[in-house]
Amino acid sequence: MKMITGIYNTNVDEKGRFLLPSRMRQALQSQELVVLPGLDENHLMLMTPSYFEDRFSQAVLSSDSAMFDRGKRSLIRRLIAPAVYIEMDSAGRLNVPSALREKYSITTKSEITLVGTGYYVEIWNTAVYEKALEEDTSSLADLAEGLKGE
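Keep in mind the model is a prediction, meaning the values are calculated, not measured.

Draft legend 1. Here's a closer look at the pattern of salt bridges. Tallied over the entire structure, the rule returns five salt bridges. Linking Arg78 and Glu41 is a salt bridge whose minimum nitrogen-to-oxygen distance equals 3.0 Å. In this pair, Arg78 sits in helix H3 (residues 70–80) while Glu41 sits in the loop between strand S3 (32–37) and strand S4 (44–47), placing the two residues 37 residues apart along the sequence. Of the residues examined, Glu41 reaches a relative accessible area of 55% and is grouped as exposed.

Quick look at the structure:
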């Protein structure tokens, strides 16, 4: 799978659909995708079923005893359980279920920002995304410092 990059603004239509930019469609290389809550709890994530099943969910369900760990059970309920498999239509549009969209202020006729983050796409209400960027005062150097030793 190619790296998914870029930041795109698009609109949600009256039926709750939005167009996935062609570069993101090409990088994802899948008509079926998985949408689930974002880790920062203010956006959604979109990824291929293979990435969701083979890498993402395995990180959460990494041990046979995950069901006996209270924190992992909560994480499973909040990340894995609400995940929904969706199909892209022939025009490249996606229709995220309304319950997920509404929880993250992605309403019909609203503007959204799609952020390519390497292996998945973040789906943000544009105003929420811009506010999150303003509130993040971390410098790139500070953030990159955390990568040393990995």
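The structure having been displayed, the exposition proceeds.
Draft legend 2. Spotlight on a negative patch on the surface. There is a patch of like negative charges on the surface, built from Glu32, Glu53, Asp54 and Glu87. Secondary-structure assignment places Glu32 in strand S3.

Draft legend 3. Quick look at the packing of aromatic side chains. Tallied over the full model, the rule gives four aromatic pairs. Consider the rings of Tyr51 and Tyr119, whose centres lie 5.6 Å apart with planes at 15 degrees: the pair is stacked. Taken together, the positions of Tyr51 in helix H2 (residues 49–60) and Tyr119 in the loop between strand S7 (111–116) and strand S8 (121–125) put the pair 68 residues apart, joining distant regions of the chain. With a relative accessible area of 16%, Tyr51 lands in the buried category. Of the residues examined, Tyr119 reaches a relative accessible area of 32% and is grouped as partly exposed. Between the aromatic rings of Phe52 and Phe56, the centroid separation amounts to 6.2 Å while the plane-to-plane angle is 20 degrees, which identifies the pairing as stacked. One end of the pair is Phe52 and the other is Phe56, both in helix H2 and four residues apart, which spans about a single turn. The class for Phe56 is buried, based on a relative accessible area of 12%. Ring pairing ties together the aromatic residues Phe52, Phe56 and Tyr85, which thus form one cluster. Sitting over the face of the ring of Tyr119, Arg55 holds its NZ or CZ atom 5.2 Å from the ring centroid.

Draft legend 4. Inspection of the pairing of S3 at higher detail. Along S3, five of the six residues are buried, which leaves the element largely enclosed by surrounding structure. Pairing geometry for S3 and strand S5 (residues 84–87), over four bridges, is antiparallel. The residue bridging Glu32 from the neighbouring strand is Glu87, located in S5. Bridge count for S3 against S4 is four bridges, and the pairing is antiparallel. Paired with Leu36 across the strands is Met45, a residue of S4.

Draft legend 5. Molecular detail of the environment of Arg93. Take Arg93: it is sitting in strand S6 (residues 93–95). Residue classification places Arg93 among the partly exposed residues on the basis of a relative accessible area of 28%. Once the C-alpha coordinates of Arg93 and Ile4 are considered, the two residues, 89 residues apart in sequence, prove to be 17 Å apart. Aside from chain neighbours lying at most four places away, what touches Arg93 is Arg17, Phe18, Leu19, Glu87 and Met88. Among the polar contacts made by the side chain of Arg93, one reaches the side chain of Asp89 at a distance of 2.7 Å.

Here is what the cut-offs are and how they apply
Residues numbered from 1 in each chain as written. Predicted model: local features only at pLDDT ≥ 70, side-chain atom pairs only at ≥ 80, totals over all residues. Heavy atoms only, no water. Salt bridge = Lys/Arg side-chain N within 4 Å of Asp/Glu carboxyl O. Helix = DSSP H or I, 4+ residues; strand = E, 2+ residues; numbered from the N terminus. Buried < 20%, exposed > 50% of the residue type's maximum accessible area, 1.4 Å probe, protein only. Patch = residues over 30% accessible without salt bridge, like charges linked within 9 Å, V, L, I, M, F, W, Y side chains within 5 Å. Areas by Shrake-Rupley, 256 points an atom, 1.4 Å probe, with all protein chains shown as cover. Lys, Arg positive; Asp, Glu negative; His and termini not counted. Charge placed at Lys NZ, Arg CZ, Asp CG, Glu CD. Phe/Tyr/Trp six-rings, centres within 6.5 Å; stacked < 30°, edge-to-face > 60°. Lys NZ or Arg CZ within 6 Å of the ring centre and 35° of its normal. Pairing = 2+ DSSP bridges. Contact = heavy atoms within 4.5 Å. Polar contact = N/O pair within 3.5 Å; in protein donor to acceptor, adjacent residues only side chain to side chain.

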